[in-house]
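Analysis of the macromolecular model
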Amino acid sequence: MSETIHDLVEPVRHLPFEPRQEPTTGTAICLSGGGYRAMLFHTGVLRRLCQTRWLQQADRISSVSGGSITAAILALTWSKVTTSSDPDAAFVEQVEAPIRALAARTIDRSAVVSGLLSPFSSIGEEVEGELRRHLLGTATLADLPAKPVFVFNATNTGSGKLVRFTHDGVADWRVGRNLDPTVRLSAAVAASAAFPPFLSPFRLAMDEAAWVDDKGNDLGTRKYRDEFALTDGGVYDNLGLETAWKRCRTVFVSDAGGLLSPEPDPASDWARHMVRITQVLDHQVRSLRKLQVVQSLKDRRRDGAYVGIRSDIKKYKLGDCLDAPLDATTELAEIGTRLKALPDRDQERLINWGYAVADAGLRAHIDHSLPAPTGYPYARGVS
């Protein structure tokens, strides 16, 4: 009975053929979705982790949606950042600067318009093109570092399961592993960030010759393998937990996901009402996973910390944390889930908030010996 209860409260589901042993080693960082809001918040989180040299210890960095944009540029510049004598300065130059340049551009609206009007490309392909032109260039999965393992998560609407893009290729446990290293990194990120309904699905043609069969591949046939119809990784796993939780003992979760807004007069026509019902279902699943993660950390099923864009920094009970008034951070949490240009000041506030709450989580729950930061990356704080 205890095993059954344990399985029910786990924030991830074990596959039928997987061993149930708890990992004893390994460090993972998980980055949620949330459009540009998440992209910038996670940039602040990672900057503080880098500054303390905790980032450099990571064995696995798993991401979805907006978090995958930040993770992708970090992956491509990993060696430059982590081998620098001044990792903070290197992080700002190699990761933060290009992220902020992208955050000054709106790419979702033009992608939707172009994708709808063009007979030659889809909305997903237009988003990928924007990411390729303005951030990731011609990089492929082969350009990802072998360590740490970067995992970009998307949802396969065909199998209903998670699709993982890594240095080793593309995998869905029911469909199989495709070991094609030439898949563009921009495609992996566009798939991970293809949030419905407007940017989804992202269609990815797969190399027929590169497939490897594994135990459990009950959908390992051409009709499932020729092309994937992918949607946002957050549909299946909004925190990017799946592979990290199963493999690593220490897990640092950064959550910049959105919150369901109340609706005083819900639409009654079947199409819009169904959209609202889907939003409610999605919100409930996300909330449950968050609660399971937090409780599992409290119960010491894993070591680590959860930090959220809606966290109250005072609850970390540090006397020397950075000043982050809850009304100001709540305002940041309510920035829309879009790939829409943000003013410089909002960019700075989001980075500052991620930096502050990452510091609080790190020092309260993982390393009590770390000194407090001397100030915010940007002097005006989060207000």
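Keep in mind it's a predicted model, so treat the numbers as computed, not measured. In this convention, every chain numbers its residues from 1, walking through the sequence in written order. In keeping with the model being predicted, local features are shown solely for residues with a pLDDT of at least 70 and side-chain atom pairs are shown and tallied solely at 80 or more, while totals for entire chains, interfaces and linings include all residues. Note that the side-chain values use all heavy atoms of the structure and ignore hydrogens as well as water.

A word on the overall build of the protein chain
Note on conventions: DSSP H or I runs of at least 4 residues are helices, E runs of at least 2 residues are strands, and numbering of each starts at the N terminus. Helices and strands together make up the secondary structure of the protein chain, namely 13 helices and 11 strands. Our radius of gyration looks at C-alpha atoms and nothing else; its globule reference is 2.2 Å times the residue count to the power 0.38. For the protein chain, whose C-alpha radius of gyration is 20 Å, the value lies close to the compact-globule estimate of 21 Å for 383 residues. Along the first, second and third principal axes, the C-alpha atoms of the protein chain reach 60 × 50 × 50 Å. Classification of the 383 residues of the protein chain by burial places 55% in the buried group. Across the protein chain, the fraction of contacts at a sequence separation of at least 24, relative to all contacts at a separation of at least 6, is 76%. Approximately 17,200 Å² of the protein chain is accessible, and the part contributed by carbon and sulfur atoms is 53%. In this charge count, Lys and Arg are treated as positive and Asp and Glu as negative; neither His nor the chain ends contribute. Every charge is mapped onto a representative atom, which is NZ of Lys, CZ of Arg, CG of Asp or CD of Glu. Averaging the locations of the 46 positively and 47 negatively charged side chains of the protein chain gives two centres separated by 2 Å. For the exposure calls, accessible area comes from a 1.4 Å probe over protein chains only, and a residue counts as buried if that area is under 20% of its type's maximum, exposed if over 50%, partly exposed in between. Two residues qualify as a contact provided that any one of their heavy atoms is within 4.5 Å of a heavy atom in the partner residue. Here the accessible surface of atoms and residues is derived via Shrake-Rupley with a 1.4 Å probe, and residues count as covered only by protein chains that are part of the display.

Remarks on the pattern of salt bridges
Salt bridges, as used here, are contacts in which a Lys or Arg side-chain nitrogen is within 4 Å of a carboxyl oxygen on Asp or Glu. Considering all chains together, one arrives at 26 salt bridges under this definition. Here Glu-348 ties to Arg-100 by a salt bridge, and the two come within 3.9 Å at their closest N and O atoms. With Glu-348 in helix H13 (residues 344–365) and Arg-100 in helix H5 (residues 87–103), this pair connects stretches of sequence that are 248 residues apart. Put simply, Arg-345 and Glu-348 hold a salt bridge, and the shortest N to O gap is 3.3 Å. Taken together, the positions of Arg-345 and Glu-348, both in helix H13 and 3 residues apart, correspond to about one turn of that helix. Judged on exposure class, the residue Arg-345 and its partner Glu-348 are both buried. Connected through shared salt-bridge partners, Arg-48, Asp-320, Asp-359 and Arg-363 make up one network.

Digging into helix H3 (residues 66–76)
Buried residues dominate H3, accounting for 10 of its 11 residues. Those residues of H3 that fall on the buried side of the exposure criterion are Gly-66, Gly-67, Ser-68, Ile-69, Thr-70, Ala-71, Ala-72, Ile-73, Leu-74 and Ala-75.

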